[in-house]
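Working through the structure, step by step
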Amino acid sequence: RKEGRKPYIIPMGGSNSLGTWGYLNAVAELEEQLKQNEDSIKIQEGRSAEDGASSSMPSFFDHITFACGSGGTAGGIGLAA
C-alpha cells in the first residue's frame, strides 16, 4: 500500500463471494452465446454446409466440466444453472 498499490488477499481455498459472482456471470455469458448460436442456426436453415451454413458452437451442452477444490466453482455454477 505504501507504493500506491491495492493488495488483494486471496482467501484460504481461493473461494469467496466475489468468485461466485464471477461464475454466475460466466454462466450468463455462456447462455447468451448459446442463444446467439441458435439464432445464427435459424438464419442459416435451408442452406447446406457447402453454402457456409456451419457452426462451431453447439446450441446446448450435455455437461459442464470443471476442477473443484473448495467448492466455490461448483457453488457459482450450480447457483447460475
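Relevant structure appears above.
This report concerns the structure included in the present document. Quantities reported herein were computed from a predicted structural model and do not represent experimental measurements. (Residues numbered from 1 in each chain as written. Predicted model: local features only at pLDDT ≥ 70, side-chain atom pairs only at ≥ 80, totals over all residues. Heavy atoms only, no water.)

1. As for the overall build of the protein
What the protein contains, in helices and strands, is two helices and zero strands. The burial tally for the protein puts 12% of its 81 residues in the buried class. Taking as baseline every contact in the protein between residues at least 6 positions apart, the subset at least 24 positions apart corresponds to 54%. (Helix = DSSP H or I, 4+ residues; strand = E, 2+ residues; numbered from the N terminus. Buried < 20%, exposed > 50% of the residue type's maximum accessible area, 1.4 Å probe, protein only. Contact = heavy atoms within 4.5 Å.)

2. Considering a nonpolar patch on the surface
A contiguous nonpolar surface patch, about 370 Å² in accessible area, is contributed by Tyr-8, Ile-10 and Leu-18. Considering the arrangement of structural elements, one finds Ile-10 in the segment before helix 1 (17–44). The exposure class of Ile-10 is exposed, given its relative accessible area of 62%. (Patch = residues over 30% accessible without salt bridge, like charges linked within 9 Å, V, L, I, M, F, W, Y side chains within 5 Å. Areas by Shrake-Rupley, 256 points an atom, 1.4 Å probe, with all protein chains shown as cover. Salt bridge = Lys/Arg side-chain N within 4 Å of Asp/Glu carboxyl O.)

3. Some points on the pattern of salt bridges
Under the criterion given, the structure shown has one salt bridge. In this structure, Glu-3 engages Arg-5 in a salt bridge whose closest nitrogen and oxygen atoms are separated by 3.6 Å. As far as the burial class goes, Glu-3 and Arg-5 line up, both exposed.

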